[in-house]
Amino acid sequence: MNVLKTLAIMGGAAAMAASAAAYAQEVHNAAGSANADMGTASHTVSQALLDHAANDGKNFLQTNGDYRQTRFYPNNQINTGNVGKLHPAWLFQTEVKDTMETSPIVVNGVMYVTTAQDHVYALNARTGAQLWHYKQKLGPVTTFCCGANNRGVAVYGDMVYLATLDSKLVALDAKTGKQAWETQIADPELGYSETMAPTAVNGKILIGTNGGEYGIRGFVKAFDATNGKLLWTFNTVPENSQGVWATHDATGRDMHRDIAAEKAAYDKNGDPYKNLGGGVWQNPAYDAKTNRIFFVVGNPSPDLDGAVRPGDNLYTDSLVSLDLDTGKYVCHFQYISHDIWDLDAVSPAVLVDVKDKAGKTVPGVLHAGKTGHVYVHNRNDCSLIRFSQAMVPQENMWSLPTKEGARMLPGANGGVEWSPIATDPAAGLAYAINLHQPMTYHLEDAPYPNGKLWLGGAFKVIPGEAQSGNITAVDYNTGKIAWQVKTSQPMIGGILATAGNLVFTGEGTGEFEALNAKTGKKLWSFQAGAGVNAPPSSYAVDGKQYIVVGAGGNAQVDSKRGNTIVAFTLD
Amino acid sequence: MPNAVRALIVALVLLSCAGARAQTTDGKAALCSGCHGSSGVPADPSIPVIWGQNEGYIYFQLRDFKAGARKSAIMGPMTATLDKQAMLDLAAYFAAKPWPNLAIPAAPGDVARQAERINESAGCKGCHGGEWRGDGTTPRVSGQNLAYLRQSMILFRTGERANNPWMTALLKTYPDTDIETMARYIAGY
């Protein structure tokens, strides 16, 4: 190639330079008809409305139903006797055919759903007609694990709140979808990103962060709901993260730690808190009586290599409680100290009354772990009351990762992944969906890579070994499995229980189904054409109950992608 | 690499060192086009397509070349005088271009099936996406130059390309035959 000729070509290329892209956010509003159908329905969400969400059989106001996060919907119009006649009321196709984890939120007949890449849609919940569509213009740097997901919005006052892949908190006008403000939560170039839905409570917008796979220092932050001003930050990793040098996990199994070597490394290198991970992937629960929040903290960084992070790595893999007003620490319980398997805590905490060891009813907290156990805590001090029978096969726990790869079950996705559980407090049952993916855990040391994936090795699905999933009902007052239904593929998404004695959940195969909540018997199913890997919601319009779920597939388990929101009802 | 291309690269490096700081984004981009192609088709199969590549990924690579986290005798000097904004501008410039069709043939059925089995084990699509087009700071790999894909995976595996330890750790568990299978499948996807 002739150099002069090439330089001439380069000059031509320069002349063809594209103009800089516009960075405005996009909003599309519907023609009058869709809006007109909404009449004078109020978009405003008061604190009182949110406080009583657990008894609201018309709206679906929070990601996990209500502040307790029970995902128990108090409407029995659709029930075991008639669910067989459930059929699609409408289907809505979003612009984004990609991984979908949204929890639909419904306020007075208006539904808010999100998609991958941080789009928000407002829909007429009776017809599925689009009211508005907002597209967040993402910045150039997004660093996120496991797909460009978004798990939904929070609603409060006249606003809809979204957290974005480039780590921003965005407030939208609920009526028009126009952006009111946005604020940067953390630096995406360092591995921070957002896929969770915010939580709105008492004038605050609460948000955690992804990034436990990128060497971040995790947090929960509270922002002023009116203007996005930061009110407080709780670092999920304290500056002294060494803990008590625990040798056994919450279930009493030996984790085979070399405590002497860890202490020597700690003394030599200091506390590793700055890049220790500790993401918070899911919404906190809120206890109004004590004005405290409860959430779980994810894995330490790097996931599989503990040599660079001696100590218990507080408060990773833990249940944590804070004071809502100040963000100050109240209590914690760590499930796996110094986790080197990424079998962390992701599925959101749930507040219900539970029986303590003496059989006395006390305020409790539930968390379903990647280990496959449902953990039951005393809400006062976070202490562990019991853990359930394992919902998935466990083998070789806790084998240390090796260069060649150590086989251990559960695989690193769980058990229960981020999928929220549902509970029926009256029945004392918790409903969880699980993965069974045999994996090998590989160790490979690497220095902190400056905002890149930092796993300290790899976990690999073992080729040829059968994978499966299950839906499990656990009696959380005894820890015993009440019933279990196996599925052909590992399950990720979520589950909803209703007063109709039903649970609804979906599979990567595209099946969306209703089961008898007491027995697990399948009563109805619908093939959605793409993976149903999102939590279902329920609501009522004009006195008629609906069930709604997203069918967009999932990046993490690579189920078939789609772009549909499907609402179901009875005639 | 052909001698003519090598000579061109040397000339571009010298030119870059002499005047990159003073140039506009268009001027800097023109330098890049000498190797990466004035129409988006690289001058050599060992050189990656950057037209239509994901913006965050381009920025991260420029950043890493400059910092030495990704070592390259060519790209190190080319990025030495770029500040953060210049790198972001270049990333935006090339991300906005259309991805060129290199007309790489689709892998035969048996290769594709084996590649999907490997993906199921390694979870490649969890980051690179259902259509292998990546997102943000994760690269599009579908339709990329076959030789570049193959070489990149090998360099990750040996650790010579050290700016993504996850790829190094993962690829250390795979033999050459699997790397060849994945490169052929993804390049022709």
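Let me begin by describing the structure that accompanies this report. (Residues numbered from 1 in each chain as written. Chains lettered and ligands numbered in written order. Predicted model: local features only at pLDDT ≥ 70, side-chain atom pairs only at ≥ 80, totals over all residues. Heavy atoms only, no water.)

**Re the overall build of chain A**
Within chain A, the regular secondary structure consists of 4 helices and 37 strands. Its C-alpha radius of gyration of 23 Å places chain A within 12% of the 25 Å reference for a compact globule of 571 residues. Projected onto its principal axes, the C-alpha coordinates of chain A cover approximately 85 × 70 × 50 Å. Here the analysis covers contacts within chain A between residues at least 6 apart in sequence; of these, 62% occur between residues at least 24 apart. Split by element, the accessible area of chain A, about 18,400 Å² in all, is 52% carbon and sulfur. (Helix = DSSP H or I, 4+ residues; strand = E, 2+ residues; numbered from the N terminus. Rg over C-alpha atoms; globule rule 2.2 N^0.38 Å. Contact = heavy atoms within 4.5 Å. Areas by Shrake-Rupley, 256 points an atom, 1.4 Å probe, with all protein chains shown as cover.)

**Quick word on the sheet that holds strand β31 (residues 495-498) of chain A**
All names here are of chain A. Here 5 strands make up an open sheet; going across it, the order is β2-β31-β32-β33-β34 and the pairing mixed. A single partner strand is all that each edge strand has here, and the edge strands are β2 (72-73) and β34 (522-527). By the bridge criterion, 5 bridges tie strand β32 (residues 502-506) to strand β33 (residues 511-516) in an arrangement that is antiparallel. Considered in β33, the bridge of Leu502 is made with Asn516. (Pairing = 2+ DSSP bridges.)

**Let's talk about the sheet that holds strand β9 (residues 159-163) of chain A**
Strands pair in a sheet through their backbones, by hydrogen bonds, and they do so in one of two ways: parallel or antiparallel. Residue and element names in this part refer to chain A. The sheet built from 4 strands is open, its strands ordered β8-β9-β10-β11 with antiparallel pairing. Looking at the sheet topology across the chains shown, the edges are occupied by β8 (154-156) and β11 (179-184). Each neighbouring strand pair of the sheet contributes to a mean axis angle of 20°, computed without reference to strand direction. In the sheet, β8 pairs with β9 via 3 bridges, with the strands oriented antiparallel. Within the sheet, the bridge partner assigned to Tyr156 lies in β9 and is Met159. (Axes fitted to C-alpha atoms, helices over the stretch in contact; angles between N-to-C directions.)

**Points about the environment of A:Gly414**
Residues and elements named next belong to chain A. Mapped onto the elements, Gly414 comes out in the loop between β24 (406-408) and β25 (422-424). Here Gly414 falls in the buried class, since its relative accessible area comes to 0%. For the pair Gly414 and Pro490, spaced 76 residues apart in sequence, the C-alpha to C-alpha distance is 9.4 Å. Ignoring sequence-local partners within four residues, the contact set of Gly414 consists of Leu343, Lys370 and Leu435. (Buried < 20%, exposed > 50% of the residue type's maximum accessible area, 1.4 Å probe, protein only.)

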